[in-house]
Amino acid sequence: MKKVFLIFFCVLLLTNHTGVSAKEPDIGCICAVLIDADSGRVLYEKNAEEERAMASTTKIMTCIIALEQSNLNDLVTVSRNATRMPKVKMYIKQGEQYRLGDLLYALMLESYNDVAVAVAEHIGGSVKGFAKRMNQKAKELGMTHTHFVTPNGLDADQHYSTAKDMALLGAYAIKKKQFLDIVNQKTYQIKEQKNGRVIRVSNKDAYLSMDADAIGIKTGFTNRAGYCFVGAVKQGTSVFTSCVLASGWPPNKNQKYTDTKKLMTYGKKHFKKDLLKVNREVVLNIKNGKFSRFKAKIQGEKEILKQDGENYRFVTKYSYKLPIKEKQVIGYTNVYIGDFCFGSFQITAAQDVPIYDYQYCLYDLVDRLLP
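Residues numbered from 1 in each chain as written. Predicted model: local features only at pLDDT ≥ 70, side-chain atom pairs only at ≥ 80, totals over all residues. Heavy atoms only, no water.

1. Side note on the nonpolar core
Met-90 and Phe-179 are the most contacted members of the largest nonpolar core, which has 66 residues in total. Of all the elements, helix H4 (residues 100–110) adds the most residues to this core, at 8 residues. If near-sequence neighbours (up to four positions away) are discounted, Phe-179 is found in contact with Ile-60, Cys-63, Ile-64, Leu-67, Met-108, Ala-173, Ile-174 and Ile-217. (Core = buried A, V, L, I, M, F, W, Y, C linked by side-chain atoms within 4.5 Å. Buried < 20%, exposed > 50% of the residue type's maximum accessible area, 1.4 Å probe, protein only. Helix = DSSP H or I, 4+ residues; strand = E, 2+ residues; numbered from the N terminus. Contact = heavy atoms within 4.5 Å.)

Printed below as a string of structure tokens:
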């Protein structure tokens, strides 16, 4: 009995010492992912790269394009095509005019489909023209399994993304103050510019009241996509973004929030920021220099989100040729956990290294030998 207890105690001690990965959350949706918003590292995934319809989470990209590629004081004139969009809608009327910046609140807080088309047509000239901009931006962000067709996320052939791509989009979006201000607004009042009609919108993101650390982002639902949600939380300096796709169908409206809560709780509980500091000197060999060896420095610091027990791996690459100047960058040390690279530290020369001057040395030798 004592022997069995001793073995159990040793196993328990070893487990705590090595920092074995925490038990992953039990997620009900078909596709899910949790990422570190700062680095993009995937912390949890379930079918994270499966291509699926993503419903109104699409409007995150619509909002980003509007913020980056237009003037928010522009007046948007409503087309007949925009008014024909299905519910959920603001019932804008053909010929009405609204300030573009105001419409973004209606887009993100209430998820109005007619507003999304009005915004898209104003910026892109047409829905097709706007979708081209959306796809170009997706490519820039590394969303390799995403293709946009509509600005509102209504079901359409070839309109798809993945949980991972949408979480990366969310991580990009929340770095913009204007975007964060919109998605965290509780209510907003919009005024039509020609007839003065006033519309009040309110935020439909219930997760903002479910998690004290929540900072967004966007819900979605279509018959094809099921319930979807891209979420974000900030705890201290740690920021997590998540995405759940196909997180149930009616009447399971709240499953997307339950799944998101599990993801965020897992992230906040098991991943903490670690300040990695590097300050070391190395001695390198070199040919044809005035010296056969010279000193270099590797310096820097990074905040890295990691679990206890995860170990860093460093991969160093040098690239230099003579002559070398002091403080010249001669290489990089990349920082990894597993296969994920968090970035690099510069390696700089700590001294000048001139080229060996053979002609000068020959003259010097002859001069010494002569009487």
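From this point, the discussion proceeds with the structure in view.
2. Describing helix H5 (residues 113–124)
In an α-helix, one full turn covers 3.6 residues, which means residues spaced three or four apart are oriented alike. Here H5 is 12 residues long and its end C-alpha atoms lie 16 Å apart, about the 16 Å a rise of 1.5 Å per residue gives. With 10 of its 12 residues buried, H5 lies for the most part within the structure. Looking at the buried side of H5, the elements it contacts are helix H2 (59–69), strand S3 (75–77), helix H3 (80–83), H4 and helix H6 (127–140). Positive phi shows up at Gly-125, right after H5, with a value of about 85°. (Expected span 1.5 Å × (residues − 1).)

3. Quick look at the sheet that holds strand S14 (residues 340–349)
As summarised here, the arrangement of the 5 strands in space is S10-S11-S14-S13-S12, forming an open sheet in which the pairing is antiparallel. At either end of the open sheet lies a strand with only one pairing partner, and these are strand S10 (272–285) and strand S12 (313–318). Along the sheet, successive strands turn relative to each other by an average axial angle of 20°, direction set aside. In this structure, strand S11 (residues 293–306) lies alongside S14, joined through 3 bridges in antiparallel fashion. (Pairing = 2+ DSSP bridges. Axes fitted to C-alpha atoms, helices over the stretch in contact; angles between N-to-C directions.)

4. Quick notes on H6
A rise of 1.5 Å per residue sets the reference length of H6, with its 14 residues, at 20 Å; its end C-alpha atoms lie 20 Å apart and thus fit the reference within 8%. Along H6, the positions that sit buried rather than exposed are Phe-130, Ala-131, Met-134, Lys-137 and Ala-138. The arc enclosing the buried residues of H6, seen along the axis, measures out at 120°, which places them on a common side. In H6, those exposed residues whose orientation departs by more than 90 degrees from the buried face are Lys-128, Lys-132, Lys-139 and Glu-140. Those residues of H6 hidden inside the fold are in contact with H2, H5 and helix H7 (163–173). (Arc of directions from axis to C-beta.)

5. Structural notes on the packing of aromatic side chains
The tally for this structure, following the rule as stated, stands at 11 aromatic pairs. Seen from their ring centres, Tyr-207 and Phe-229 are 5.8 Å apart, and the 55° between their planes marks the pair as tilted. Here the residue Tyr-207 occupies a position in the loop between strand S6 (198–202) and strand S7 (214–222), and Phe-229 occupies one in strand S8 (residues 226–235), the gap between them amounting to 22 residues. Each member of the pair, Tyr-207 together with Phe-229, is buried. Relative to Phe-271, the ring of Tyr-266 lies with its centre 5.9 Å away and its plane at 70°, an arrangement referred to as edge-to-face. Judged on exposure class, the residue Tyr-266 and its partner Phe-271 are both buried. Through a chain of ring-to-ring contacts, three or more aromatic side chains come together here, namely Tyr-44, Tyr-266 and Phe-271. The ring of Tyr-312 has Lys-306 lying over it, and the distance from NZ or CZ to the ring centre is 5.5 Å. Over the face of the ring belonging to Tyr-336 we find Arg-313, whose NZ or CZ atom lies 4.5 Å from the ring centre. (Phe/Tyr/Trp six-rings, centres within 6.5 Å; stacked < 30°, edge-to-face > 60°. Lys NZ or Arg CZ within 6 Å of the ring centre and 35° of its normal.)

6. So, the packing of H4 against H5
In the contact formed by H4 and H5, the axes pass within 9 Å of each other and the chain directions differ by 145°. Like other packed secondary-structure pairs, H4 and H5 cross with a definite hand, here left-handed. Across the interface between the two elements, Leu-100, Leu-103, Ala-106 and Leu-107 of H4 pack against Val-115, Ala-116, Val-119, His-122 and Ile-123 of H5. Of the residues belonging to the contact of H4 with H5, the class tally is 8 nonpolar, 1 polar and no charged. (Left-handed = near helix turned anticlockwise from the far one by under 90°. Nonpolar A, V, L, I, M, F, W, Y, C, P; charged D, E, K, R; others polar.)

7. Considerations on the pattern of salt bridges
As enumerated under the stated definition, the model contains 14 salt bridges in all. Between Lys-273 and Glu-303 there is a salt bridge; the shortest N-O distance is 3.8 Å. With Lys-273 in strand S10 and Glu-303 in strand S11, this residue pair connects regions lying 30 residues apart in the sequence. Assessed through its relative accessible area of 23%, Lys-273 is described here as partly exposed. Put simply, Glu-68, Lys-137, Glu-140 and Lys-176 are held in one network by salt bridges that share partners. (Salt bridge = Lys/Arg side-chain N within 4 Å of Asp/Glu carboxyl O.)

8. Some details on the sheet that holds strand S9 (residues 238–245)
Consider a sheet: its strands pair through backbone hydrogen bonds, and that pairing is either parallel or antiparallel. Reading across from one edge, S2-S1-S9-S8-S7 is the order of the 5 strands in this open sheet, with antiparallel pairing throughout. Two strands lie at the open edges of the sheet, namely strand S2 (42–46) and S7, each paired on one side alone. Strand after strand, the sheet turns through a mean of 5° between neighbouring axes, direction not considered. With 4 bridges joining them, strand S1 (residues 31–36) and S2 adopt antiparallel strand pairing. In the sheet register, Val-33 faces S2, and the bridge partner there is Glu-45. Sitting on the sheet, helix H9 (residues 255–270) touches S1, S2, S7, S8 and S9, and the angle it makes with S9 is about 150°.

9. Digging into the packing of H2 against H4
Between H2 and H4, whose axes approach to 10 Å, the crossing angle comes to 165°. The angle between H2 and H4 falls in the class roughly antiparallel. In this structure, H2 crosses over H4, and the sense of that crossing is left-handed. Contacts from Lys-59, Ile-60, Thr-62, Cys-63, Ala-66 and Leu-67 in H2 reach Leu-104, Leu-107 and Met-108 in H4. Partitioning the contact of H2 with H4 into residue classes produces 7 nonpolar, 1 polar and 1 charged. (Parallel < 35°, antiparallel > 145°, perpendicular 65-115°, else oblique.)

That's the geometry; what it means functionally is another story.
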